[in-house]
Amino acid sequence: MLDDRSPIYRQIAERIKADVMSGVLKGDEKVMSTNQYAAYYRINPATAAKAFQQLVDEGVLYKKRGIGMFVSPDAQEKLRAKRRETFFTEVVDPMVAEAKAAGIPLRDIIRRIEELEDS
Amino acid sequence: MKFRILLANCLFALLVWAAFWVLVTLITVGLGLTGRLTQSAWEVAAQLPRWYALFFGVSLIHEYLPLYVAHGRTRRQFGVEGALTLILFAPFLAALLVISYQLESVLYGLAGWPHVLERAHMFTEPTQVPLVFTEYLIEALAWSTAGAFMGAAFYRFRGGGLLSIPVGVLLIAFAHSAMGVEPWGPFLLAWLRVLSRVVFDLPDSPLMPLLGTVGVLVVGLLLTWAIIRDMPLRNQAS
Amino acid sequence: MRIEVEDLVLRYGDVTALDGITLTLEEGKIYGLLGRNGSGKTSLLSVLAAFRKPTAGRVRIDGQPVFENGRVTSRISLIRDVGETVNIGTGEEALSYAEALRPNWDGEYARSLAELFKIDLKKSVKNMSKGQRSAMGIIVGLASRAPLTMFDEAYLGLDAPARQVFYDQVLADYLAHPRTIIMSTHLIDEVSGLFEEVVIIHKGRVLAHEEKDELLAKGTSVTGPAAAVDAFTAGMTVLGSRSLGPTKSVTVYGELDDARRRKAAESGLELGPVDLQDLFIHLTAEDGAAR
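Computed from a prediction, not measured in an experiment: that's the story for all the values here.

Here the focus is the overall build of chain C. Along the backbone of chain C there are 11 helices and 14 strands. Over its C-alpha atoms, taken along the principal directions, chain C stretches across nearly 65 × 40 × 35 Å. Counting over 291 residues, chain C shows a buried share of 45%. When contacts within chain C are restricted to residue pairs at least 6 apart in sequence, long-range pairs at least 24 apart make up 69% of them.

As a further point, take the confidence of the model for chain C. For chain C, per-residue confidence averages 93 on the pLDDT scale, and residues scoring 70 or more make up 98% of the total. We note a pTM of 0.89 for the whole complex and an ipTM of 0.91 for its interfaces.

This part is about the arrangement of the chains. Here 2 pairs of chains are in contact, and chains B and C lead that list by number of contacts. Kept free of each other, chain A and chain B leave a smallest C-alpha distance of 27 Å between them.

Right, let's get into the interface of chain C and chain B. Contacts between chain C and chain B engage 22 residues on the former and 22 residues on the latter. Those elements giving two or more residues to the side of chain C that touches chain B turn out to be helix H1 (41-48), helix H2 (70-73), strand E6 (76-79) and helix H3 (91-101) of chain C. Looking at which element gives the most residues to the side of chain C that touches chain B, the answer is H3 of chain C, with 4 residues. A breakdown of the residues in the side of chain C that touches chain B according to their chemical character gives 9 nonpolar, 7 polar and 6 charged.

This paragraph deals with the interface of chain C and chain A. Listed as interface residues are 18 residues of chain C and, on the opposing side, 16 residues of chain A. At the level of elements, helix H6 (160-176), helix H8 (212-218), helix H10 (258-266) and strand E14 (270-273) of chain C are the ones that each hand at least two residues to the side of chain C that touches chain A. The biggest single contributor to the side of chain C that touches chain A is H6 of chain C, with 5 residues. Its residues assigned to classes, the side of chain C that touches chain A comprises 12 nonpolar, 2 polar and 4 charged.

Below, the discussion takes up the domain arrangement of chain A. All names here are of chain A. According to the domain assignment, chain A consists of domain 1 (8-73) and domain 2 (76-118). Relative to domain 2, the C-alpha centre of domain 1 lies at a distance of 28 Å. At the interface, 7 residues of domain 1 touch 5 residues of domain 2. Across the side of domain 1 that touches domain 2, the residue classes break down as 3 nonpolar, 3 polar and 1 charged.

So, about the sheet that holds strand E9 (residues 197-202) of chain C. All names here are of chain C. Judged by pairing direction, the sheet is mixed, and its 6 strands sit side by side in the order E6-E7-E8-E3-E9-E10 without closing on themselves. Both edges of this open sheet fall to E6 and strand E10 (205-211), since each of them pairs with a single strand only. Neighbour-to-neighbour, the strand axes of this sheet turn through a mean angle of 15°, independent of strand direction. As paired strands, strand E3 (residues 30-34) and strand E8 (residues 180-184) are joined by 4 bridges and run parallel to one another. Bridging from a neighbouring strand, leucine 33 pairs with serine 184 of E8.

Further remarks concern the packing of H3 of chain C against helix H5 (residues 130-143) of chain C. All names here are of chain C. Between H3 and H5, the shortest axis-to-axis distance is 11 Å and the interhelical angle comes to 25°. Classed by the angle they form, the pair H3 and H5 counts as roughly parallel. Seen from above, H3 lies across H5 with right-handed handedness. Here H3 contributes Gly91, Ala94 and Ala98 to the contact with H5, which in turn contributes Met136, Val140 and Ala143. Class assignment for the residues of the contact of H3 with H5 results in 5 nonpolar, 1 polar and no charged.

Okay, helix H5 (residues 106-118) of chain A next. Spanning 13 residues, H5 of chain A covers 19 Å between terminal C-alpha atoms, matching the ideal 18 Å at 1.5 Å per step. A small share of H5 of chain A lies buried, amounting to 0 of its 13 residues.

Moving on to the sheet that holds strand E5 (residues 64-65) of chain C. Residues and elements named next belong to chain C. In space, the 4 strands of this open sheet follow the order E2-E1-E4-E5, with antiparallel pairing throughout. Strands with a single pairing partner mark the edges of an open sheet, and in this sheet they are strand E2 (15-25) and E5. Pairing of strand E4 (residues 56-61) with E5 involves 2 bridges; the strand directions are antiparallel. The partner of isoleucine 61 across the bridge, within E5, is glutamine 64.

Residue and element names in this part refer to chain C. By secondary structure assignment, the location of leucine 10 is in strand E1 (residues 3-12). When the 23 C-beta atoms within 10 Å are taken as the criterion, leucine 10 is described as buried. Separated by 11 residues in sequence, leucine 10 and isoleucine 21 place their C-alpha atoms 9.5 Å apart. Sequence-distant contacts of leucine 10, defined by excluding residues within four places in its chain, comprise Ala17, Leu18, Ser43, Val47, Arg52, Pro54 and Thr55.

Conventions and cut-offs
- Residues numbered from 1 in each chain as written.
- Chains lettered and ligands numbered in written order.
- Predicted model: local features only at pLDDT ≥ 70, side-chain atom pairs only at ≥ 80, totals over all residues.
- Helix = DSSP H or I, 4+ residues; strand = E, 2+ residues; numbered from the N terminus.
- Buried ≥ 20, exposed ≤ 12 C-beta atoms within 10 Å, placed from the backbone.
- Contact = placed C-beta atoms within 7 Å.
- pLDDT = per-residue confidence, 0-100.
- Nonpolar A, V, L, I, M, F, W, Y, C, P; charged D, E, K, R; others polar.
- Domains from an automatic or database assignment.
- Pairing = 2+ DSSP bridges.
- Axes fitted to C-alpha atoms, helices over the stretch in contact; angles between N-to-C directions.
- Parallel < 35°, antiparallel > 145°, perpendicular 65-115°, else oblique.
- Left-handed = near helix turned anticlockwise from the far one by under 90°.
- Expected span 1.5 Å × (residues − 1).

See the structure below:
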């Protein structure tokens with residue numbers, strides 16, 4: 001279930017995770033500071049720090065004292081593995097449910113996926 | 001920077017005085033040319049600066065005190081600077097009036113107009129610099145002190161400040177009477193002389209008017225301090 | 001600066017504006033001070049800034065009493081709508097007094113802010129528009145760099161873009177020069193992002209003082225079929241409810257643990273966040289719905 005608490009720091013964490021997963025942020029690369037995030041999102045730096053803390057707890061980032069936050073070397077693989085785990089329950093299952101509600105036959109969905117694969 | 005208020009007000013007063021001087025001189029010349037000038041014009045004009053002094057006293061409390069307190073000064077710190085500012089602003093105003101009379105005497109001399117005084121003053125000639133200075137110094141001190149006191153009362157008690165008016169008038173009356181000049185009457189001065197001789201054993205001297213004014217100043221400033229020492233800043237603009 | 005307030009009472013004649021405020025604010029955070037009109041926001045800030053002497057109670061800032069204590073007050077700035085720091089001559093003159101009286105004054109910053117707000121400093125402040133006068137107050141408040149900086153509804157009369165400049169500058173200057181900042185406001189949605197902690201006062205008392213994210217986490221909207229919503233929210237602190245046909249939406253206050261969340265999902269209920277403004281409105285509602 002989606003966490004509905006404090007959307008902003010969750011958004012920031014999700015954005016960083018997405019960048020790590022897609023390779024925009026690479027292992028051992030430095031991420032922007034909490035202050036830079038705070039200024040960009042117009043939020044209190046403590047809120048931005050919470051997003052970072054969450055990512056540190058999840059092992060996506062690590063802290064170098066006095067220097068800043070860096071992407072964990074294995075973060076991309078970890079996030080991808082986790083995503084693979086939840087992909088079907090979080091993405092496919094709801095999609096199928098919605099397709100059923102809209103009366104779209106599963107065959108059509110499969111055909112669409114195959115088309116995308118080919119192109 | 002110390003005496004920021006004094007400097008700003010001296011500068012502003014100088015500008016106002018310059019404009020006022022031009023106005024008075026124009027009227028003087030106008031009256032002189034039409035032959036209706038029978039006395040010193042500045043003797044009449046000099047009745048306005050006392051009101052200026054009064055409102056200067058009011059503004060000290062109404063504008064500068066909130067400004068200073070809002071910028072982190074204590075009322076005590078402001079009280080000291082405000083009192084010094086008030087005491088030093090008075091001789092500045094008095095000096096401007098001395099200059100006015102001096103310039104006027106030159107003008108009257110050139111035009112051949114009668115440079116006479118119609119009212120009783122501490123001075124008998126407009127060119128008696130020390131006496132002219134003293135009279136207007138006493139006046140400026142008394143009126144600005146009374147202004148500060150009444151300004152404080154109105155700022156703090158709003159309508160209740162009306163009660164401060166008789167006290168303010170009394171402060172001014174005492175100072176004027178200390179000059180020993182009609183129409184305030186030598187009565188109060190005589191009273192002061194008795195007081196000073198009996199209580200302080202002071203000799204009768206020409207400094208008596210100044211001494212009386214110092215008394216008025218001290219009493220007026222203490223009364224003002226009693227109002228402002230723990231005065232809140234207003235929540236609404238006046 | 002660290003602020004400690006204990007049993008603070010402030011009365012204006014018969015009116016009790018502050019009715020026993022006890023509050024501790026740590027140094028170096030941005031606080032939002034929320035309250036309805038007449039709740040005592042201005043009174044509280046005025047006491048903290050030594051504009052007023054408290055009727056009773058204790059106020060300490062960095063461990064020291066505040067009223068008539070120059071060592072403390074010289075480090076405090078409160079900008080109010082009244083405009084006592086700016087209603088003096090022209091804009092230039094107002095800045096020159098601030099420069100003379102404020103130990104950490106940054107004149108260059110003040111001038112750059114004046115440009116941002118498009119203020120003509122040659123103009124007499126009393127002849128400026130309401131918004132321009134507010135901007136003057138904001139300029140003085142920010143450029144004073146006081147270790148305790150407070151803005152009491154300092155945005156009145158500013159249009160939306162100018163208010164955005166205000167918020168951005170508060171944040172930027174806070175990041176560059178960390179200090180304790182307290183902002184009282186009615187435009188909660190616009191600024192709530194800046195706050196680290198929120199203090200809500202109501203009728204002269206502290207109704208809530210929490211980290212903003214914690215406070216937000218306590219508010220949840222529960223939406224679904226009326227019967228299911230009623231069953232789920234029974235026994236919870238309900239702040240408000242609305243109905244649309246068979247659908248009901250209820251705002252509850254209090255932490256929801258994971259078990260409760262699962263239960264909600266199982267009952268087909270939708271849980272949603274409540275923003276600070278809604279939470280504030282519900283918490284300070286006058287009809288007794290507040291806790």
